[in-house]
Amino acid sequence: MTATPVDTTDAAFADQVLNAAEPVLVMFWAEWNGPSKIVLPLLDGAARDYAGRLTVARHDIDHQPATAPRHEVTALPTLILFKKGTETARKVGALSKAQLTEFIDLHL
């Protein structure tokens, strides 16, 4: 349980996300990607709002390039909700706070 987004790594992705006890929302992003910069601040709020029910994580594809292809991430940002190691929902592209909340609430 954390009230701030977790930065995932290729080496620890399985432990941080796939083997996590609670659902994990991962945003695949890159510093150079404009839509990613729109969504990043929203993750802070989501981490606080859903603390204890959901782990919110960020995966920088430039610094950790191996994981995104394994999960067929082809556009940024891509948000994937994992439950017990399985992808249960995906959203691609920028979204508003209301859209992020709706996405989480619908699939959590």
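For the structure, check the block above.
Residues numbered from 1 in each chain as written. Predicted model: local features only at pLDDT ≥ 70, side-chain atom pairs only at ≥ 80, totals over all residues. Heavy atoms only, no water.

**What to know about the overall build of the protein chain**
Along its length, the protein chain carries four helices and five strands. The linear arrangement of helices and strands in the protein chain, starting from the amino end, is β-α-β-α-β-α-β-β-α. In terms of overall dimensions, the protein chain is globule-like: its C-alpha atoms have a radius of gyration of 12 Å, near the 13 Å expected for 108 residues. Structurally, the protein chain occupies a C-alpha span of about 30 × 30 × 20 Å along its principal axes. Across the 108 residues that make up the protein chain, the buried fraction comes to 45%. In the protein chain, once contacts between residues fewer than 6 apart in sequence are set aside, the share between residues at least 24 apart is 69%. Where the 10 positive side-chain charges of the protein chain centre and where its 13 negative ones centre are 5 Å apart. (Helix = DSSP H or I, 4+ residues; strand = E, 2+ residues; numbered from the N terminus. Rg over C-alpha atoms; globule rule 2.2 N^0.38 Å. Buried < 20%, exposed > 50% of the residue type's maximum accessible area, 1.4 Å probe, protein only. Contact = heavy atoms within 4.5 Å. Lys, Arg positive; Asp, Glu negative; His and termini not counted. Charge placed at Lys NZ, Arg CZ, Asp CG, Glu CD.)

**Here's the deal with the pairing of strand β5 (residues 86-92)**
Every regular strand shows the same layout, with side chains that alternate between the two sheet faces. As judged from the six bridges shared by strand β4 (residues 78-83) and β5, these two strands associate in the antiparallel manner. The residue of β5 that forms the bridge with L79 is K91. Adjacent in sequence and paired antiparallel, β4 and β5 are bridged by two residues, among which K84 carries a positive phi angle near 50°. (Pairing = 2+ DSSP bridges.)

**Re the sheet that holds strand β2 (residues 24-29)**
With mixed pairing, the five strands of this open sheet are ordered in space as β1-β3-β2-β4-β5. On the outer flanks of this sheet lie β1 (6-7) and β5, each paired with one strand and no other. Packing of helix α2 (residues 34-49) onto the sheet brings it into contact with β2, β3 (55-60) and β4, and relative to β3 it is tilted by some 155°. Strands β2, β4 and β5 of the sheet are contacted by helix α4 (residues 97-107), whose axis makes an angle of about 160° with β5. (Axes fitted to C-alpha atoms, helices over the stretch in contact; angles between N-to-C directions.)

**Overview of the nonpolar core**
Membership of the largest hydrophobic core comes to 18 residues, with the highest contact counts inside it found for L25, M27, L54, L79, L100 and I104. Put simply, the parts of the chain that give this core at least two residues each are β2, α2, β4 and α4. (Core = buried A, V, L, I, M, F, W, Y, C linked by side-chain atoms within 4.5 Å.)

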